[in-house]
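Overview (structure and organization)
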Amino acid sequence: MKISIIGAGYVGLVTGLCLAEKKHDIICVDNNKTKVKKINNGKTIIHEEGLDALLSRNLNINFRASSNLHRAVLKTDVTIIAVGTPFNGKSIDLTYVKNVSKSIGQALYHKKDYHLVVVKSTVTPGTTDDIVLPIVEKYSKMKVGEKFGIGMNPEFLREGSAVKDFMNPDRIVIGSNDKFSAGVIKKIYKPFTKTEMLLTNNKTAEMIKYANNTLLATLISFSNEIGNLCATQKNVDSLDVMKGVHLDNRITPIINSKKISPGIISYLSAGCGFGGSCFPKDLSAIISFGKKKKQKMQLLNAVQDVNQSQPMKIIEILNRSYKNNLKEKNIAVLGLAFKEGTDDMRESPSIAIINKFIEYKANVIAYDPVAQMEAKKILESKRIVYAKSIVSAVKSAEIIVVLTAWPEFKNLHNIINNLQLEPLIVDGRRFLNKKNFQKYIGIGIT
Ligand code: NAD
Ligand code: UGA
């Protein structure tokens, strides 16, 4: 099928390249001309495993980027909206979605054949039917069902494993208000033969996305709260506690005499809080949506509160160990991205933690295998030195704080032993083996 995708960010670019790999003809549109140029020069701009290979295989064959939305819509049969939907402090900011809907409508005015518009951006319930649809109708001067249809197809990929997630989806949710549109979306996903497709109306599809993300966020905040309580007691480690919870068959089911692992437990790890471009903003957006609907969102408010204070647990730990005096202490921060596998710094807990170190006049030596360029755009201070390797980051550090679970940090004990150092390790992700260190402390353990 000929498909245009509007927005060449994490979702748009990954969707475009994965659908190109499945033999669709893709035009990925972005109004950032530099991005478009880079993509057409074979650079994927974001760090995602497998993305470069997809681009080099499909570029100029059945994939290309463009900044001409109008032409892309006219040349394709389906347009997928994948632009950002940030939180503006009060509610979801639909500016980009509205702008794009207007441009799509204006292009459709000049189109003769049937066209399907699919919203993939995460949007609060009612956005597709009550905002996108009327805008497209207004500017195309057509009624839905005449020569265009509309659908909602939420995306569930995770950054860091985006290509793998898109290529092996656990489900495909197809929202639409008419059978024909649903059929066209089903056709897009025809190559995904093994995946269950769930057909709903647009509003339900929009709601599923929020229910899913906020449940995962709830599990994390729950684990952080339990972890924080564990840490108030000697000889109680939240990892052991969660292992005990994990063994409950209702949480980790047994199928064919085998426990399905890691299952839900992968979202029950205490840490320095969830970040990224989605959980924090989606929580805020759905809480504000609930308020508009006069529905109290007590639980989700608490989930947000726990997460906002969680990065400061790292500071509390250090203040306890150093009697509130971190001045001139050399602190190596390992990991800046909000999670491993990505260079995305959006809402990363490392930002609040490093800013606190700076406020306390500590010296920060930061290292991240891929996110340093992005970090420099956000974290700027004379007190931050960016190291070129783990070794140079830790060699003069009195304290090492691990904030992202990059696999290469697993070897930290060997690096420290080789350098004959004995720094205090503060594990903000609880993924190092505590037995490997002389001085180890972390979230969920005293
Ligand atoms: P992003 O910021 O990485 O990308 C959005 C892109 O849209 C940018 O490149 C921007 O230049 C472009 N854009 C904005 N206005 C445009 C216009 N008028 N014309 C053309 N291009 C335009 O955002 P993202 O992380 O890909 O997220 C997109 C949506 O998908 C959001 O609603 C998000 O919540 C949702 N989502 C994101 C993820 C994720 O892992 N990042 C996963 C699932 C769902
Ligand atoms: C999340 C969802 O997992 C995706 O399904 C969804 O599509 C996406 O949001 C979205 O809507 O954008 P993502 O934010 O990329 O994906 O990454 P996750 O792996 O879910 O991690 C989110 C954050 O939670 C990270 O900061 C991670 O370190 C943290 N986390 C995760 C924990 O603190 N503890 C855990 O047990 C698991």
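Up top you'll find the structure we're talking about.
Residues numbered from 1 in each chain as written. Chains lettered and ligands numbered in written order. Predicted model: local features only at pLDDT ≥ 70, side-chain atom pairs only at ≥ 80, totals over all residues. Heavy atoms only, no water.

As for the site of ligand 2
Convention followed: Nearness here has a simple test: a residue counts as near a molecule or strand if at least one of its heavy atoms is within 4 Å of that partner. Here a polar contact is taken to be a pair of N or O atoms separated by no more than 3.5 Å, where protein atoms must pair a possible hydrogen donor with a possible acceptor and residues adjacent in sequence count only if both atoms sit in side chains. Surface exposure here means Shrake-Rupley accessible area, sampled with a 1.4 Å probe, where a residue is shielded only by the protein chains that are shown. Elements are defined by DSSP. Helices are runs of H or I of four residues or more, strands are runs of E of two residues or more, and each kind is numbered from the N terminus. Three categories are distinguished: nonpolar for Ala, Val, Leu, Ile, Met, Phe, Trp, Tyr, Cys and Pro, charged for Asp, Glu, Lys and Arg, and polar for the others, with Gly belonging to the last.
Within the structure, ligand 2 sits among 20 residues, and Leu157, Glu159, Lys209, Tyr267 and Cys278 are positioned closest to it. Contact distances for ligand 2 include 2.8 Å between an oxygen atom and a side-chain N or O atom of lysine 339. Starting from 700 Å² of accessible surface for ligand 2 in isolation, the protein chains cover 90%. Take the shell around ligand 2: its biggest share by element is four residues, from helix α9 (residues 202-230). Along the lines of polarity and charge, the residues of the shell around ligand 2 split into 10 nonpolar, four polar and six charged.

Quick word on unusual backbone geometry
How we decide: Relative accessible area decides the class of each residue, using a 1.4 Å probe on protein chains only: under 20% of the type maximum gives buried, over 50% gives exposed, and in between gives partly exposed.
Despite not being glycine, asparagine 235 shows a phi value in the positive range, around 60°. Mapped onto the secondary structure, asparagine 235 falls in the loop between α9 and α10 (238-246). For asparagine 235, a relative accessible area of 79% puts it in the exposed group. Its identity as a non-glycine residue notwithstanding, glutamine 420 has a phi of 55°, on the positive side. Summarising the element assignment, glutamine 420 is placed in the loop between α17 (412-418) and β15 (424-427). Accessibility expressed as a relative area gives 73% for glutamine 420, which makes it exposed.

Observations regarding the sheet that holds β15
Note the following rule: Pairing between strands is defined by DSSP: at least two bridges between the two strands are required. Lines fitted to C-alpha atoms define the axes here, with helix axes fitted over just the stretch in contact, and angles between the N-to-C directions of these axes take values from 0 to 180 degrees. Working rule for contacts: check all heavy atoms of both residues, and any pair within 4.5 Å makes them a contact.
The strand order across the open sheet built from six strands is β13-β12-β11-β14-β15-β16, with neighbouring strands paired in parallel fashion. This sheet does not close on itself; its edge strands, each paired only once, are β13 (384-386) and β16 (440-442). Going across the sheet, the axis of each strand differs from the next one's by a mean of 20°, ignoring polarity. Note: β15 against β16, three bridges, orientation parallel. Residue isoleucine 425 lies in a different strand from β16, and its bridge partner there is tyrosine 440. Taken strand by strand, helix α13 (residues 312-321) contacts β14 (399-402), β15 and β16, and its axis lies near 155° from that of β15.

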